[in-house]
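# Breakdown of the fold
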Amino acid sequence: MKTMNYNVNAKGFYGDFGGAFIPEMLKPNVDELRENYLKITAQKDFQKDFDDLLKDYVGRPTPLYFSKRLSEKYQTQIYLKREDLCHTGAHKINNTIGQILLAQRLGKKRIIAETGAGQHGVATATVCALMGMPCVIYMGAIDIKRQAPNVARMKMLGAKVVPAESGSKTLKDATNEAIRDWINHPEDTHYIIGSVVGPHPFPDMVARFQSVISQEVKTQVKAQSRKEKPDYIMACVGGGSNAAGIYYDFLNDKDVKIIAVEAAGKGVSTGESAATSQLGKQGIIHGSKTLLMQSDDGQITEPYSISAGLDYPGIGPMHAHLYASKRSEFISITDDEAMQAGWQLSQLEGIIPAIETAHAFAVFEHRQFQPDDVVVVNLSGRGDKDLQTYMDYFKL
Amino acid sequence: MNRITSKLKESKKLLSIYFTAGFPKLEDTVEIIKRLQDAGVDMVEIGLPYSDPLADGPTIQQSSTKALKNGMSTRKLFEQIKDIRDHIDIPLIIMGYFNPMLQYGVRQFCHDVSEIGIDGLIMPDLPYDYWLEYHKKDYDDFNLKHIQLITPQTSEERIKNIDQQSKDAFIYMVSSSSTTGSQSGFAEEQLNYFDKIASYNLDSPQIVGFGIKDNITFHQATKHAKGAIIGSAFIKALENKGVNGIEDFVKSIRA
Ligand SMILES: Cc1ncc(COP(=O)(O)O)c(C=O)c1O
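Since the model is a prediction, treat every value here as computed from it, not as a measurement.

It is worth spelling out the domain arrangement of chain A at this point. Buried accessible area, meaning the area lost when the parts come together, often serves as the stated size of an interface. Residues and elements named next belong to chain A. Each domain of chain A was delimited in the assignment, giving domain 1 (13-53 + 92-206) and domain 2 (59-90 + 211-394). With 38 residues of domain 1 in contact, the opposing surface of domain 2 contributes 39 residues. Each partner contributes to the roughly 3000 Å² buried at the junction of domain 1 and domain 2, and carbon and sulfur atoms together form 63% of this total. Counting every contact that joins domain 1 to domain 2 gives zero salt bridges. Summed over the shared surface of domain 1 and domain 2, the number is twelve residue pairs in polar contact (both at pLDDT 80 or more). Elements with a contribution of two residues or more to the side of domain 1 that touches domain 2: β2 (17-18), α4 (92-105), α5 (119-131), α7 (148-156), α8 (171-184) and α9 (202-210). Among the elements that make up the side of domain 1 that touches domain 2, the one with the highest residue count is α8 (five residues). A breakdown of the residues in the side of domain 1 that touches domain 2 according to their chemical character gives 16 nonpolar, 16 polar and six charged.

Below, the discussion takes up the pairing of strand β14 (residues 374-378) of chain A. All names here are of chain A. The element β14 is largely enclosed, with a buried count of five among its five residues. Here β14 shows a buried face lined by Val374, Val376 and Asn378 and a second buried face lined by Val375 and Val377. Where strand β4 (residues 77-81) lies against β14, five bridges are found, and the strand directions are parallel. Paired with Tyr79 across the strands is Val376, a residue of β14. Two elements, strand β9 (residues 232-236) and β14, share three bridges in a ladder whose sense is parallel.

This paragraph deals with the sheet that holds strand β3 (residues 92-95) of chain B. Residue and element names in this part refer to chain B. With parallel pairing, nine strands are arranged side by side in an open sheet as β5-β4-β3-β2-β1-β9-β8-β7-β6. Every interior strand has two partners, whereas the edge strands, β5 (145-146) and β6 (149-150), have only one. In the sheet, β3 pairs with strand β4 (residues 120-122) via three bridges, with the strands oriented parallel. In the sheet register, Ile93 faces β4, and the bridge partner there is Gly120. Running over the sheet, helix α2 (residues 29-38) touches β1 (14-20), β2 (43-47) and β3 and is turned about 165° from β1. Packed on one face of the sheet, helix α12 (residues 246-254) meets β1 and β9 (227-230) and runs near 145° to β1.

A word on the site of the ligand. Residues and elements named next belong to chain A. For the ligand, the set of nearby residues contains 19 residues, the closest of which are Ser195, Gly238, Gly240, Ser241 and Ser380. In the environment of the ligand, an oxygen atom lies 2.7 Å from a nitrogen or oxygen atom belonging to the backbone of Gly238. Look at the ligand: alone it shows 390 Å² of surface, and the protein chains cover 97% of it. Of all the elements in the fold, those that place two or more residues in the shell around the ligand are α11 (241-247) and α15 (355-361). For the shell around the ligand, a count of residues per class yields four nonpolar, twelve polar and three charged. Viewed by domain, the shell around the ligand spans two of them, domain 1 (13-53 + 92-206) and domain 2 (59-90 + 211-394), each represented by three or more residues.

On to unusual backbone geometry. A negative phi angle characterises most non-glycine residues, just as the trans form characterises most peptide bonds. Following Arg60 of chain A, the chain continues to Pro61 of chain A via a peptide bond in cis, the omega torsion being -5°. Of note, Pro61 of chain A is situated in the loop between α2 (44-58) and β3 (64-66). The amide bond that connects Phe23 of chain B to the next residue, Pro24 of chain B, takes the cis arrangement and shows omega of -5°. Mapped onto the elements, Pro24 of chain B comes out in the loop between β1 and α2. In the Ramachandran plot, His286 of chain A falls in the positive-phi region, its phi being about 45° despite a non-glycine side chain.

On to the environment of Gly117 of chain B. Residue and element names in this part refer to chain B. By secondary structure assignment, the location of Gly117 is in the loop between α6 (106-116) and β4. A residue is classified by how much of its surface remains accessible, and Gly117, at 9% relative accessible area, is buried. Spatially, the C-alpha atoms of Gly117 and Ser175 are 29 Å apart, while their sequence positions differ by 58 residues.

The next subject is the environment of Ala260 of chain A. Residue and element names in this part refer to chain A. Position of Ala260 among the secondary structure elements: in strand β10 (residues 257-265). Ala260 sits 24 residues away from Cys236 along the chain, and the two C-alpha atoms are 5.8 Å apart. Discounting residues that sit within four places of it in the chain, Ala260 has contacts with Ala235, Val237, Tyr247, Ser328, Glu329, Phe330 and Ile331.

Quick notes on the rules
- Residue numbering note: each chain is counted from 1, following its sequence as written.
- Each chain gets a letter, beginning with A, and each ligand a number, beginning with 1, in the order they are written.
- For this predicted model, a pLDDT threshold of at least 70 governs which residues receive local features, and a threshold of 80 or more governs which side-chain atom pairs are given and counted, while totals over whole chains, interfaces and linings are taken from all residues.
- Note that the side-chain values use all heavy atoms of the structure and ignore hydrogens as well as water.
- Marked domain ranges trace back to an automatic or database domain assignment.
- The contact definition used throughout considers only heavy atoms, calling two residues in contact when any of these lie within 4.5 Å.
- In short, buried area is how much 1.4 Å probe accessible area vanishes from two parts on joining, totalled over both.
- Any Lys or Arg side-chain nitrogen located within 4 Å of an Asp or Glu carboxyl oxygen qualifies as a salt bridge.
- Between N or O atoms, a polar contact is any pair within 3.5 Å; within protein, one atom must be a potential hydrogen donor and the other a potential acceptor, and residues adjacent in sequence are included only when both atoms are from side chains.
- Numbered from the N terminus, helices here are DSSP runs of H or I no shorter than four residues, and strands are runs of E no shorter than two.
- Any residue outside Ala, Val, Leu, Ile, Met, Phe, Trp, Tyr, Cys, Pro, Asp, Glu, Lys and Arg is labelled polar, Gly included; the first ten of those are nonpolar and the last four are charged.
- A 1.4 Å probe rolled over the protein chains alone gives each residue an accessible area, and that area as a share of the maximum for its type sets the label: buried under 20%, exposed over 50%, partly exposed in between.
- Being paired, for any two strands, means DSSP has found at least two bridges between them.
- Each axis is a line fitted through C-alpha atoms, taken for helices only over the stretch in contact, and angles between the N-to-C directions span 0 to 180 degrees.
- Any residue with at least one heavy atom within 4 Å of a molecule or strand is counted as near it.
- Computed with the Shrake-Rupley method and a 1.4 Å probe, the accessible areas treat only the protein chains shown as cover for residues.

So, in structure tokens, the structure goes:
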């Protein structure tokens, strides 16, 4: 049998997916990053700074928590990887710490980023405040209205929040605006992309920074469960960074099965969905060849999900490859199922999850696991940012 | 011979105009091309609108959004211009983004535009090296020119490499590191860049684009280069004056 490699190749491809489909204007920036990211991140002082900040500032390692009551309910062994306990409330900061350290070593003076729900924007604004670097966050004009508390947090952290007024005025357009800003600032600016998306080397670089999650899970499962390694690893997928992070060290170990959870919105066939693997076709978005939701004419369409962090019309190229090669099982979860799962986790375990994260927990209603299976769920973020949505939904 | 190749042999400086197909109105496409030819424009770039035009500034973005709302699509455009060669003999280039071409099928796209009489393609996010490796043959088989962009950041070595592939077409020289329509006139820095490229004595003619908006910038851009491309400024004029303003716009540039 042919052995599969799930990591990126030298040209930036995962199987058929990935690459750098960028205009010539972006080439100097992307080349500079590609030529330097592995070199810089391999340096001792980089690794020390990264590890120290993750430990003392972010609060790593995050616990692996055995969820007794969920395990009883679903008759399997459920462990929660508590990324919700990271500073700023989600896994996003693992990546922004890594990228800002890299940006400093590249001599960059200014940081830009895109954000949808505002979690990545907050994580970027946070590290910029920490390092004293000017920060510009692009956010869809519609999302700015929907996510007022996170906009306020970014401002309080010293970031300038610029509304993206083009196209559909949401995450994909904010990403376009950030890329355009980068084109217009080819020398002094680093673009901290928020997920495992965009042109090579971004997907690989972000996956590496997030891979700290799977490194920890590996030792924690060995120490805390009766198994040597997990049977299942499960995560929600927007762009795919929390998923890539928790899969990373297990990708080439077939004993560990992986499950990706997408947002079905109101239902995969309702026209209001973000289930990219089900609805997408191969194409190019934000410089990457991957699966994306688009019209027959090749125009990118606007996805829908109740969670702003999952309504991205593409998925990272690594995930497209995991899907196409069947390494990963994909399950889509509707708004209602996710909201119920979020409610249940709050009531059973005293943890209010981000709505993105809640999608992963709804899988237990769909899929049976063996009683002795060790199932690790990435609890990618806490639900504070989503209180308004929970309040409206449950009439709290 | 490809129409671009023969046009570039003419001794004058060339004026090329970009417009977004389907803007301001869906059915304006053929009328705009005719009027541009009548007004003495040397070459036309027909913009195939895209939902996510990364390399474009606000003017072209907005015209693209409007054009798509109006109902423009790849197939619609090809239908509109299928008989274009009955009236038009200046070179025609399609400028768009790679994803719609990919969905249409790259080879099929090349075949169909060549049947229509299109002479070349500008696809900013189809990288040069990827094109060379995977799609050069598709272009060559249908006598289509790939027009490659260079910027002030492009290395001399890469420019010389691109030069070898662009001899019977032209190199699209982006005036500064920016999206379309971003500048207000050329600064010292850009003029120096124009001089620098001229000093390389490239085999391929160069046509400058991005930031050309009037008679002054046209003459600055074409001091050394073979021609210049106007996009955003033309779209603004179309928006304000409609197709009836085309002749005056072109005159004002040439003046
Ligand atoms: C808590 C949380 N989980 C998941 C996501 C989805 O992103 P990704 O798929 O990159 O992990 C987001 C994005 O905002 C998020 O805030």
